[in-house]
Amino acid sequence: MDRGNLAELTAFVAVADRLSFRAAASQLGITPSALSHSMRQLEEHLGMRLLHRTTRSVSLTDAGRRLLDRLRPAIDQIAGALEDLNQERQRPMGRLRIYVVHIAGAAVVAPIWERFLSTYPEVHLELAVGEAPIDIVANGFDAGIGPRDRAPADMIAVRVMGPMKIAVVGAPTYFAKQRRPRTPDDLARHSCVQYRLATDGTAFTWPFERSRKTRRISVDGRVMVNDPDLAVRAAVDGLGIAYTIEALAEPFLRSGQLVRVLEDWSPSFEGLFLYYPGHRQVPATLRAFIDLIRATHGSASVRRSLQNPFTKH
């Protein structure tokens, strides 16, 4: 069945419901003569009369009545499906699938997901965390969150987090035994939680910046990880000083499980972007998600920042 057949059948149901070409034409937004022509084409295609019509009245033939009985449930289902889509267009509902780099999940989504889901109880949120760039459309995701260069040129990219400041942290129990470093050079006398880069497997050298001058420090320690959460956990457990994103350390700084050092030397890394396909008709669920993130994190001013070493480019 092609699109023309469906339109003719829909028009037939309109005429059969109202038994008036003029009233049915008004509902369908066409002229009575166009509707009459459509009904003649349908009858010719089927090879039987569906409607008795005179200049004064319209009635169904027996064949028309039987066709109407079969069509009505299908037409009602189609109308219901269109109404459901209209409702979804107007309010957030359904499943929202987002692909995020680890830091985006922890620093962008986790702070807002309770509020998002409580505000929109008909939404189901699915997060997939991964560091490798992927084709989000081919993999069935509605959007992705990561560095700006993750967004293909034909996608919309919306900044959802300004530059992220670094936090150099350690546990109070660790600093009870070691004097706190006052300059990056003092780290040579400390046990540091080393970080192995996902890109090439090398040990990460810690960047520092003050007065627009940058330095990189190679650190040593008994623990090496390739996961930002484990680096913070090692610091909480008193295994050494960790270099991490402020947002990941913030809950432990607030609780007193970690303290911050070298704050005046701590640089900022590039911010994060949410990216998605299409310029028009953004789904209501995705639009609500973006709006809540931006309202929560604000529109931080963009200043010079280093490339984020904790994401794979």
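Residues numbered from 1 in each chain as written. Predicted model: local features only at pLDDT ≥ 70, side-chain atom pairs only at ≥ 80, totals over all residues. Heavy atoms only, no water.

Some points on the pairing of strand β5 (residues 143-146)
For step 1, the next point in the chain: Both faces of β5 are covered, namely the face carrying Ala143 and Ile145 and the face carrying Gly144 and Gly146.
For step 2, the next point in the chain: For strand β3 (residues 94-100) and β5, the ladder comprises 3 bridges, and the chain directions are parallel. Pairing of Val100 across the sheet is with Ile145, part of β5.
For step 3, the next point in the chain: Here 3 bridges tie β5 to strand β15 (residues 272-277), and the two strands are oriented antiparallel to one another. Looking at β15, one finds that Ile145 is bridged to Leu274. (Buried < 20%, exposed > 50% of the residue type's maximum accessible area, 1.4 Å probe, protein only. Helix = DSSP H or I, 4+ residues; strand = E, 2+ residues; numbered from the N terminus. Pairing = 2+ DSSP bridges.)

Remarks on the packing of aromatic side chains
For step 1, the next point in the chain: According to the stated counting rule, one finds 8 aromatic pairs in the structure shown.
For step 2, the next point in the chain: Here Tyr99 and Phe141 contribute two aromatic rings whose centre-to-centre distance is 5.6 Å and whose plane-to-plane angle is 50°, an arrangement assigned as tilted. In this pair, Tyr99 is assigned in strand β3 and Phe141 in the loop between β4 (123-129) and β5, connecting sequence segments 42 residues apart. For the residue pair Tyr99 and Phe141, the accessibility class agrees, reading buried in each case.
For step 3, the next point in the chain: Taking the centre distance of 5.3 Å and the plane angle of 75° together, the rings of Tyr174 and Phe175 count as edge-to-face. Comparing Tyr174 with Phe175, the two get one shared label, buried.
For step 4, the next point in the chain: Three or more aromatic residues link up through ring pairs in this structure, and these residues are Tyr195, Phe204, Trp206, Phe208 and Tyr243.
For step 5, the next point in the chain: The cationic tip of Arg97 hangs over the ring face of Phe141; the distance from NZ or CZ to the ring centre is 4.2 Å.
For step 6, the next point in the chain: The ring of Phe273 is capped by Arg148, whose NZ or CZ atom sits 5.7 Å from the centre of that ring. (Phe/Tyr/Trp six-rings, centres within 6.5 Å; stacked < 30°, edge-to-face > 60°. Lys NZ or Arg CZ within 6 Å of the ring centre and 35° of its normal.)

Side note on the pattern of salt bridges
Where side chains of opposite charge bring their charged atoms close, a pairing between them can arise.
For step 1, the next point in the chain: With the rule as written, the count across this model stands at 12 salt bridges.
For step 2, the next point in the chain: Note that Glu126 and Arg97 form a salt bridge whose closest N and O atoms lie 3.1 Å from each other. Here Glu126, found in strand β4, pairs with Arg97, found in strand β3; they are 29 residues apart in sequence, far enough to count as distant.
For step 3, the next point in the chain: For Glu126, a relative accessible area of 27% gives the class partly exposed.
For step 4, the next point in the chain: With a shortest N-O distance of 3.7 Å, Asp291 and Arg287 are connected by a salt bridge. Of this pair, Asp291 and Arg287 are both found in helix α10 (residues 284-297), 4 residues apart, which corresponds to roughly one turn of the helix.
For step 5, the next point in the chain: Exposure remark for Arg287: the relative accessible area of 32% places this residue in the partly exposed category.
For step 6, the next point in the chain: One network of salt bridges, in which partners are shared, links Glu246, Arg260 and Glu263. (Salt bridge = Lys/Arg side-chain N within 4 Å of Asp/Glu carboxyl O.)

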